[in-house]
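Residue-level listing of the chains:
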Amino acid sequence: MKYNFKEEQLIIKPYKSEQSIYIREQKGVYQTYRRLLSWLLIIMFITIPFLQYQGQQAVLFDIGKQQFRVFSLTFWPQDFVLLAGILTLAAFALFFVTTWLGRVWCGYVCPQTIWTLAYVWVEHRIEGKRNQRKALDKAPWNLNKLKKKTLKHSLWLSMSFLTATTFISYFIPVQSLYTDLLSFDSTGLITFWVLFFTLCTYSNAGWLREKVCIDMCPYARFQSAMFDKNTLLVAYDAQRGENRGARKLKDDAQQLKQEQGLGDCVDCNLCVEVCPTGIDIRNGMQYECINCALCIDTCDETMARFNYKKGLISYTSEQALTGGKSKRFNVKLIAYASFCLVCSIAMILWINARIPLEASVLRDRNGLYSVNYQGMIKNTYTLKILNKSQQPLHFKIKIPELETITLKLPQKLLIKPGAMQTVPLTLIIDRNKLDNKMTNINFIIQAIEQPRILLKRKSIFFRD
Ligand code: SF4
Ligand code: SF4
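A quick note: this is a predicted structure, and the numbers were derived from the prediction, not measured.

Analysis parameters
- Residues numbered from 1 in each chain as written.
- Chains lettered and ligands numbered in written order.
- Predicted model: local features only at pLDDT ≥ 70, side-chain atom pairs only at ≥ 80, totals over all residues.
- Core = buried A, V, L, I, M, F, W, Y, C linked by C-beta atoms within 7 Å.
- Buried ≥ 20, exposed ≤ 12 C-beta atoms within 10 Å, placed from the backbone.
- Axes fitted to C-alpha atoms, helices over the stretch in contact; angles between N-to-C directions.
- Helix = DSSP H or I, 4+ residues; strand = E, 2+ residues; numbered from the N terminus.
- Contact = placed C-beta atoms within 7 Å.
- Nonpolar A, V, L, I, M, F, W, Y, C, P; charged D, E, K, R; others polar.
- Parallel < 35°, antiparallel > 145°, perpendicular 65-115°, else oblique.
- Left-handed = near helix turned anticlockwise from the far one by under 90°.
- Near = placed C-beta within 6 Å.
- Pairing = 2+ DSSP bridges.

**Q** What is the right way to look at the nonpolar core in this model?
**A** The nonpolar side chains of a soluble globular protein tend to be buried, and buried together. V234, C271, I281, C295, I296 and I313 are the most contacted members of the largest nonpolar core, which has 41 residues in total. If you look at the next biggest cluster of nonpolar residues, it comprises eleven residues, including L357, I385, I397 and A447.

Here is the structure:
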């Protein structure tokens with residue numbers, strides 16, 4: 001494929017972090033999808049901590065109690081393997097989506113993009129359009145500028161505070177968090193984290209914006225390694241667009257092509273002005289591109305104005321751009337998808353088979369056994385039982401190996417949800433009832449209300 005760039009267009013200007021980017025607001029089909037998706041995700045982010053399940057916060061990552069509650073499931077540090085599974089699944093899901101749809105995560109669902117979109121929207125409403133914002137920044141300080149800047153930053157800070165408190169409410173029970181914050185009674189630690197995340201949101205979405213994507217995000221650096229010729233990306237059709245050149249609305253495209261060798265790009269520069277990372281997509285694929293499709297929407301508008309076919313900039317693939325047929329699914333994609341499926345099934349099975357009970361048995365360290373005044377053998381144990389479910393449960397303890405012997409074992413031990421109970425246990429047995437000096441025994445701990453919740457713990461009974 002022959003790209004007909006002028007020499008100066010081939011120079012990809014290095015990103016200048018000190019330069020401010022004034023984004024032109026753009027509407028269009030893809031922007032409608034982005035806004036709807038952003039709203040949906042923001043609403044979910046805000047409302048999830050308020051959801052209740054069986055009288056408790058439905059989703060709570062309680063770091064203090066070391067419990068992660070998600071509706072009917074409670075996860076404990078012992079369930080760490082699940083976190084490894086989630087991270088592996090997330091990584092492969094990202095590989096799958098990136099190989100298939102390019103940086104769709106960046107353009108549509110990344111919190112950095114969504115929050116930046118919201119902050120730019122506020123900026124636009126207060127300071128005006130792109131040129132007005134530029135002029136305002138250049139203008140000397142006066143009452144009008146002070147008013148607009150104060151209002152903008154106050155709104156940005158309020159949004160940041162709301163974001164920070166919402167984020168913290170995933171870790172601290174939402175009711176106590178808001179009660180403490182509103183009554184200025186929160187602890188120093190909570191106040192610190194709320195202020196910390198407020199500052200992070202304010203600086204990331206208000207000030208740093210595209211710098212986070214370009215200079216800080218590691219995903220931007222390695223995502224191109226996952227691309228192949230069929231990956232969906234935002235690209236400019238240089239064969240159709242070049243040579244670019246300005247023209248009037250009434251000019252005939254065919255005539256311009258024949259007489260002046262002009263392509264369909266009218267060189268309006270709008271695709272650069274709307275770009276949140278400040279790049280010119282006509283220079284080819286660049287790692288700064290977050291696939292937000294703002295340039296597609298604006299270029300389509302321009303094409304419509306000139307009565308040209310839409311799609312000069314479009315979601316396409318390298319394969320399609322060079323005249324080939326894009327393959328939607330290839331071996332790499334199918335492998336990633338299969339791995340995600342296997343990983344998801346394994347996690348579901350693991351969660352299903354998981355028993356919300358933890359128990360351990362410790363023998364008395366002071367001696368193997370002792371003999372009481374009746375000549376009976378005493379072995380002492382300490383049982384630790386953790387009820388990992390969300391309901392109070394009664395537990396009974398059995399030792400099948402000693403079923404023929406009368407023992408005093410707890411038969412209705414009430415343990416609160418999330419509580420650990422230590423149960424000292426002494427087994428007193430007539431030595432004649434045991435054949436060996438060492439008898440292997442199993443403690444069976446079972447919930448009466450839910451017999452499926454059952455654990456077996458091994459130990460030994462010694463006699464002389
Ligand atoms: S928006 Fe389209 S027509 Fe305008 S400069 Fe960009 S590619 Fe060319
Ligand atoms: S080049 Fe287009 S798709 Fe890429 S970041 Fe800029 S506006 Fe978004």
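After presenting the structure, the write-up continues.
**Q** It is not clear to me how the packing of helix α2 (residues 29–47) against helix α15 (residues 294–305) should be interpreted in this structure. Could you clarify?
**A** In helix packing, the relevant descriptors are the interaxial angle and the interaxial distance, both defined with respect to the helix axes. With their axes 7 Å apart at the nearest point, α2 and α15 run at an angle of 145° to one another. Mapping the contact onto sequence places V29, Y30 and Q31 in α2 and L294, I296 and D297 in α15. Split by residue class, the contact of α2 with α15 holds four nonpolar, one polar and one charged.

**Q** Please clarify how the packing of helix α5 (residues 111–127) against helix α7 (residues 143–168) should be interpreted in this entry.
**A** In contact at an axis separation of 10 Å, α5 and α7 are set at 155° when each is read in the N-to-C sense. Overall, the two elements α5 and α7 adopt an arrangement that is roughly antiparallel. The hand of the α5/α7 crossing is right-handed. Contacts between α5 and α7 involve A118, Y119, V122, E123, I126 and E127 on the former and, on the latter, K148, L151, K152, L155, W156 and M159.

**Q** What exactly am I supposed to notice about the environment of F171 here?
**A** Structurally, F171 can be placed in the loop between α7 and α8 (174–182). Excluding residues that lie within four positions of it along the chain, F171 makes contacts with F61 and I63.

**Q** What's the story with the site of ligand 2 in this structure? I'm lost.
**A** The environment of ligand 2 is formed by 14 residues, the closest being C275, I281, C289, C292 and C295. Its residues placed into classes, the shell around ligand 2 shows twelve nonpolar, two polar and no charged.

**Q** Just to check I follow, could you spell out the site of ligand 1 for this structure?
**A** Around ligand 1 sit 16 residues in total, of which C265, C268, L270, C271 and C299 are the nearest. Looking at the shell around ligand 1, the elements with two or more residues in it are α14 (270–273) and α15. The dominant element in the shell around ligand 1, judged by the number of residues it contributes, is α15, at three residues.

**Q** Help me out: how do you make sense of the sheet that holds strand β15 (residues 454–462) in this one?
**A** Sheet strands pair via backbone hydrogen bonds, and the direction of the pair is either parallel or antiparallel. Across the sheet, which stays open at both edges, the four strands sit in the order β12-β11-β14-β15 with antiparallel pairing between neighbours. Edge strands, defined here as strands with exactly one partner in the open sheet, are β12 (413–415) and β15. In this sheet, neighbouring strand axes are inclined to one another by 30° on average, regardless of whether the strands run parallel or antiparallel. Looking at chain direction, strand β14 (residues 438–447) and β15 are connected through nine bridges and run antiparallel. Paired with N442 across the bridge in β15 is K458.

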